[in-house]
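Okay, here's what each chain looks like letter by letter:
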Amino acid sequence: MMMVLQPEGLGAGEGPFAGGGGGGGEYMEQEEDWDRDLLLDPAWEKQQRKTFTAWCNSHLRKAGTQIENIEEDFRNGLKLMLLLEVISGEGFRPAPGTPGPQGVQRAGGTPGNGAARGCLHPDRLSHSGERLPRPDKGKMRFHKIANVNKALDFIASKGVKLVSIGAEEIVDGNLKMTLGMIWTIILRFAIQDISVEETSAKEGLLLWCQRKTAPYRNVNVQNFHTSWKDGLALCALIHRHRPDLIDYAKLRKDDPIGNLNTAFEVAEKYLDIPKMLDAEDIVNTPKPDEKAIMTYVSCFYHAFAGAEQAETAANRICKVLAVNQENEKLMEEYEKLASELLEWIRRTIPWLENRVGEPSMSAMQRKLEDFRDYRRLHKPPRVQEKCQLEINFNTLQTKLRLSHRPAFMPSEGKLVSDIANAWRGLEQVEKGYEDWLLSEIRRLQRLQHLAEKFQQKASLHETWTRGKEDMLSQRDYESASLQEVRALLRRHEAFESDLAAHQDRVEHIAALAQELNELDYHEAASVNSRCQAICDQWDNLGTLTQKRRDALERMEKLLETIDQLQLEFARRAAPFNNWLDGAVEDLQDVWLVHSVEETQSLMTAHEQFKATLPEADRERGAILGIQGEIQKICQTYGLRPSSTNPYIALSSQDINSKWDTVRKLVPSRDQTLQEELARQQMNERLRRQFAAQANAVGPWIQGKVEEVGRLAAGLVGSLEEQMAGLRQQEQNIINYKSNIDRLEGDHQLLQEGLVFDNKHTAYSMEHIRVGWEQLLTSIARTINEVENQVLTRDAKGLSQEQLNEFRASFNHFDRKRNGMMEPDDFRACLISMGYDLGEVEFARIMAMVDPNAAGVVTFQAFIDFMTRETAETDTAEQVVASFKILAGDKNYITAEELRRELPAEQAEYCIRRMVTYKGPGAPAGALDYVAFSSALYGESDL
């Protein structure tokens, strides 16, 4: 009769082997193939007989008995019932916290909680064995059948459904059915509960073997038959957990018999796993029996199960510590970057606040060049640092929220808001410094112009006054004739006219000196000294002039002969001479213009002046004609012509000389004005060139800022698609940087040309810079928001559909489209999603999503709230439980235990931060892991 076994209540594809290792169907499959297996390869029968016999004896010996012949010794059912009682008491599940024997160690050579005997845990039974019904004591066949049926009923009570039970075959000594029954018991009690990484039973055991042997050369576990033939896999399992028992480096792949025997002997001697197989049978069989290998290998799993529990605990702790160390590193990086940025701002502000002007234009232009270098070279990297600092801060806070750590609070004065305030202070000082620079340059430009004009007019005046005091002080009229006296008087009148004509020049000189003083000219002292000398001399000239007039008028009554022609000459030559002097002065005058229009105005005035030259030439001819008439009269009447005009010191040669000077200065003035016009036209081209670019760049930046804002408020698609789109936008922005650089170059040319106004555009370079920095910051913040959403999604296990649903709900209730919901909108959003909110509950939720009471809910806070209560993450309680395992169920742990159980870096990290344990009975150096675990999650202070 064939026996079919299936776990009770489980169909095909379910049960202990479901998914990873097969379900009840695997029981049926294995039992239905039993006949075929034994017929196809008799060697398997031998291997199973030996293995199953050794497995049964490893448990029966605890009851003081054993079997010799597996098909004979179970026929009366007594030892079968005893075997089931023993293994049901062992349970195959160690009681938590029960220390194991010191004879078994976990990976790394440390004492573990593995089994001490066989492949179970006799020293760690959580309860005594279950009692089967009392066996029938008779020796008749029906007594034996009854006992076997009691054993089979017990097996069925453990979830294995028995179909077409074959108690008679067991009693009759049917080897095939007996081996099948024992295999069922092994599956149920030794293999079914093995679970590794969500796989169970056979697949779980196979995965465990693969993980433990993965680092070893020449080992590749793929099954439970041929992968074990050379013995290296068994030796690797032992070496992984007890490296002190086997020198794996000395094993050879070409010595399978030696390898297998080494594993069997070491396992039996040190791990109390009985020898269940023969090396020769395994090596000489093309495909060793899978059930025999699985039975033997499962004993190793149970022997080292305690080590797995400790390893899992250590891995959990390492994971938590790694998160904490990474967060601390990010905090240190933030503090360092914030300190460096604040220090740079602290060093830079005094430089920008230094408003001590330079005396010369060249020195101030060097200051302006230094400031341009600061704007072009030194500040942009700091703008990037400030943006990166904000991104790092947001990323860190996101990671802390996702890992349930307390929010990061930077040290005093290093908050993001502190840095923003310092940055605003820097930009205010910077704007003031730039305004001061330009104002100071304009002032120096004006001073330079005024100083040149002062020097020119002062020189002209000093040239004119040279000898005038001596001339006014002469007493030549005392020996002169009446005619000569009258000539002297008229001459003096002409001089007075000339003197009066120069009054405006003196006043202009004084006004220039006063303006230079008001503008704080650096050589004001020398200007004042020279101006005072001119004014003093002018006053003296006035006094002398009045004295001489009085003397001449007294003398005039005595002398009446006057040459009318000479008088006429003097009367007309004097104003003409003044006109010539004025013309020379005007033609040599310097100017300061800032536009083409102003230059053209000067050129128009010059053209008007040139139009007066013909009339002036006629006046010159008339004046020279008077002198010619004098000579003609003298010749006619034989008079001795005077070599000088008694009324004026000006001669015809003087008139001609000054006239020639004017004629020569006119074309020179033409050329100078044309050069100035060309310079102003060049400046105008630069203005238009800058304006054309600025009028394109400014709207482009503004459009991009608005576009990024729209993207931030209405991102669609998967986060990866959003990130790709934003990265593309970022690249487009970066590619546009060349336009900003070109605009900076044009702006520099304008400043070098001292051009500070531009009527062709409303955009200044400062506007462009501020807009560009705002655009860079905006795209960086938006990308950072998506990155944080990726972190949240991955950490919380959200699907893209969930994120899209959250985004759609948020955008719908974001009434102002500014990336934030107000409390009333947030309440409406929650109600639309099915939340039944009272005032108290809503206040609690608002405290979570708006801890700073800003009155708004950001998208990141919204996502955190929607995922916080469903997310699976590590907790302080889980970390405490892991430390408790490593500490052997004690309430404290020692430094030695930490160094033994954890990697060196994590162990030292814990030792440095754990406080001393204060509980009773603790040895010296005991550490409090409970307080440490709580502090990791912000529940206490380290």
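Residues numbered from 1 in each chain as written. Predicted model: local features only at pLDDT ≥ 70, side-chain atom pairs only at ≥ 80, totals over all residues. Heavy atoms only, no water.

Looking only at helices and strands, one finds 35 helices and 8 strands in the protein chain. Going through the 942 residues of the protein chain one by one, you find that 49% of them count as buried. Looking at the protein chain alone, contacts between residues at least 24 apart form 75% of all its contacts between residues at least 6 apart. Within the structure as shown, the protein chain displays about 44800 Å² of accessible surface, and the carbon and sulfur contribution to it stands at 50%. (Helix = DSSP H or I, 4+ residues; strand = E, 2+ residues; numbered from the N terminus. Buried < 20%, exposed > 50% of the residue type's maximum accessible area, 1.4 Å probe, protein only. Contact = heavy atoms within 4.5 Å. Areas by Shrake-Rupley, 256 points an atom, 1.4 Å probe, with all protein chains shown as cover.)

A word on the environment of E343. Along the polypeptide, E343 turns up in helix α14 (residues 305–353). Reaching out from E343, the side chain makes a polar contact with the side chain of R346 at a distance of 2.3 Å. (Polar contact = N/O pair within 3.5 Å; in protein donor to acceptor, adjacent residues only side chain to side chain.)

What follows covers helix α22 (residues 596–611). With 16 residues, α22 should reach 22 Å at 1.5 Å per residue; the first-to-last C-alpha distance of 22 Å fits that figure. Within α22 the residues assigned to the buried category are V596, T599, M603, H606 and F609. Buried residues of α22 fall within an arc of 140° about the axis and therefore sit on the same side. Across α22 from its buried face, at more than 90 degrees, point the exposed residues Q608 and A611. (Expected span 1.5 Å × (residues − 1). Arc of directions from axis to C-beta.)

A few words now on the side chain of T51. Structurally, T51 can be placed in helix α3 (residues 42–60). If we ignore the near neighbours within four places in the chain, the residues touching T51 are M276, L277, A292 and T295.

Right, let's talk about the environment of K202 for a bit. Position of K202 among the secondary structure elements: in helix α9 (residues 201–213). Once the C-alpha coordinates of K202 and M294 are considered, the two residues, 92 residues apart in sequence, prove to be 8.0 Å apart.

Attention now goes to the packing of aromatic side chains. Inspection of every chain in the model, using the stated rule, returns 30 aromatic pairs. Ring centres 6.0 Å apart and planes at 0° place the aromatic pair W464 and F495 in the stacked group. Here the residue W464 occupies a position in helix α16 (residues 416–465), and F495 occupies one in helix α18 (residues 482–501), the gap between them amounting to 31 residues. Under the relative-accessibility criterion, W464 is labelled buried at 10%. Through a chain of ring-to-ring contacts, three or more aromatic side chains come together here, namely W344, W351, F371, Y374, W423, Y433 and W436. For the cation-ring pair, K468 lies above W464, with the distance from its terminal atom to the ring centre recorded as 4.9 Å. Sitting above the plane of the F842 ring, R827 keeps its charged end 4.2 Å from the centroid. (Phe/Tyr/Trp six-rings, centres within 6.5 Å; stacked < 30°, edge-to-face > 60°. Lys NZ or Arg CZ within 6 Å of the ring centre and 35° of its normal.)

What we call a disulfide is simply a covalent bond connecting the sulfur atoms of a pair of cysteines. Per the counting criterion, the structure on display carries 0 disulfides. With no disulfide partner, C318 has as its closest neighbouring cysteine sulfur the one in C910, 8.0 Å distant. (Disulfide = S-S within 2.5 Å.)

Let's shift gears to empty space enclosed by the protein. Evaluation of the coordinates by the stated rule reveals 3 cavities of 30 Å³ or more. Mapped by element, the contributors of at least two residues to the lining of the second largest cavity are α25 (719–735), α28 (800–813) and α31 (859–868). In terms of residue count, α28 provides more of the lining of the second largest cavity than any other element does, 4 residues in total. (1 Å grid on protein atoms, 1.4 Å probe; cavity = no way out; pocket = protein on both sides within 12 Å on 5 of 7 lines; lining within 4 Å. Points joined across faces, edges and corners; volume = space filled by probe spheres on them.)

Below, the discussion takes up the layout of surface pockets. Roughly 1800 Å³ of internal volume is contained in the largest pocket. Lining the largest pocket we find 50 residues, and of these N394, R401, T858, Q860 and A861 sit closest to its centre. Looking at the lining of the largest pocket, the elements that each hand over two or more residues are α15 (361–402), α24 (652–713), α27 (765–796), α28, α30 (839–849), β8 (857–858) and α31. Residue contributions to the lining of the largest pocket peak at 9 residues, all from α27. Each residue belonging to the lining of the largest pocket can be placed in one class, and the counts come to 23 nonpolar, 16 polar and 11 charged. (Nonpolar A, V, L, I, M, F, W, Y, C, P; charged D, E, K, R; others polar.)

By size, the foremost hydrophobic cluster in this structure holds 78 residues, and its most contacted members are I182, I185, W228 and F300. If you tally residues by element for this core, the top one is helix α8 (residues 175–191), at 12 residues. For W228, the residues in contact, after removing those within four places along its chain, are C209, V221, N223, A233, L234, L237, L260, I282, I293 and V297. (Core = buried A, V, L, I, M, F, W, Y, C linked by side-chain atoms within 4.5 Å.)

The contact between helix α10 (residues 232–241) and helix α11 (residues 256–270) brings their axes to 8 Å, and the two run at 35°. By crossing handedness, the relation of α10 to α11 is classed as left-handed. In this structure, α10 contributes L232, L234, C235 and I238 to the contact, and α11 contributes N259, L260, A263, F264 and V266. Tallied by class, the residues present in the contact of α10 with α11 amount to 8 nonpolar, 1 polar and no charged. (Axes fitted to C-alpha atoms, helices over the stretch in contact; angles between N-to-C directions. Left-handed = near helix turned anticlockwise from the far one by under 90°.)

Here we come to the confidence of the model for the protein chain. Mean pLDDT over the protein chain: 80, with 85% of residues reaching 70 or higher. Considering only residues more than four positions removed or in separate chains, one finds that residues 91–128, a stretch of pLDDT under 50, has 103 contacts. Within the model, pLDDT remains below 50 along residues 558–562, and this stretch shows 19 contacts once partners closer than five positions in the same chain are excluded. (pLDDT = per-residue confidence, 0-100.)

Turning our eyes to something else, we now look at the pattern of salt bridges. Considering all chains together, one arrives at 66 salt bridges under this definition. Among the ionic pairs, D247 bridges to K250, the shortest N-O distance being 3.7 Å. A salt bridge links R769 to E766; the shortest N-O distance between them is 3.5 Å. A residue pair is termed a helical-turn pair when its members lie 3 or 4 positions apart in one helix, as R769 and E766 do in helix α27 at 3 residues. On the basis of relative accessibility, which here comes to 11%, the residue R769 falls in the buried class. Counted as one network, the salt bridges with shared partners bring together R375, K379, E427, E430, E434, E744, E766, R769 and E773. (Salt bridge = Lys/Arg side-chain N within 4 Å of Asp/Glu carboxyl O.)

Moving on to unusual backbone geometry. Its identity is not glycine, yet D272 carries a phi of approximately 60°, on the positive side. Mapped onto the secondary structure, D272 falls in the loop between α11 and α12 (279–284). Its relative accessible area of 19% is what places D272 among the buried residues. Of note, the phi angle at H404 is positive, near 60°, even though the residue is not glycine. Checked against the element boundaries, H404 lands in the loop between α15 and α16. For H404, a relative accessible area of 31% puts it in the partly exposed group.

The next thing to look at is the packing of α9 against α10. Interaxial distance between α9 and α10 falls to 9 Å at its minimum, and their mutual angle equals 70°. As summarised for this structure, α9 and α10 are arranged roughly perpendicular, according to the angle between their axes. Where α9 crosses over α10, the two elements pack in a sense that is left-handed. In this structure, α9 uses W208, C209, R211, K212 and T213 to contact α10, whose residues at the interface are A233, A236, L237, R240 and H241. Considering only residue class, the contact of α9 with α10 consists of 5 nonpolar, 2 polar and 3 charged. (Parallel < 35°, antiparallel > 145°, perpendicular 65-115°, else oblique.)

This brings us to the side chain of T398. Here T398 is to be found in helix α15. Accessibility expressed as a relative area gives 1% for T398, which makes it buried. At 3.4 Å, the side chain of T398 forms a polar contact with the side chain of N788. Beyond its immediate sequence surroundings of up to four residues, T398 is in contact with N788, L791, T792 and Q860.

For the rest of this paragraph, the subject is the environment of F813. Mapping F813 onto the fold places it in helix α28. Sequence separation of F813 and D825 is 12 residues, and the distance between their C-alpha atoms is 5.6 Å. Residues within four places of F813 in sequence aside, it is in contact with M821, D825, A828, C829 and S832.

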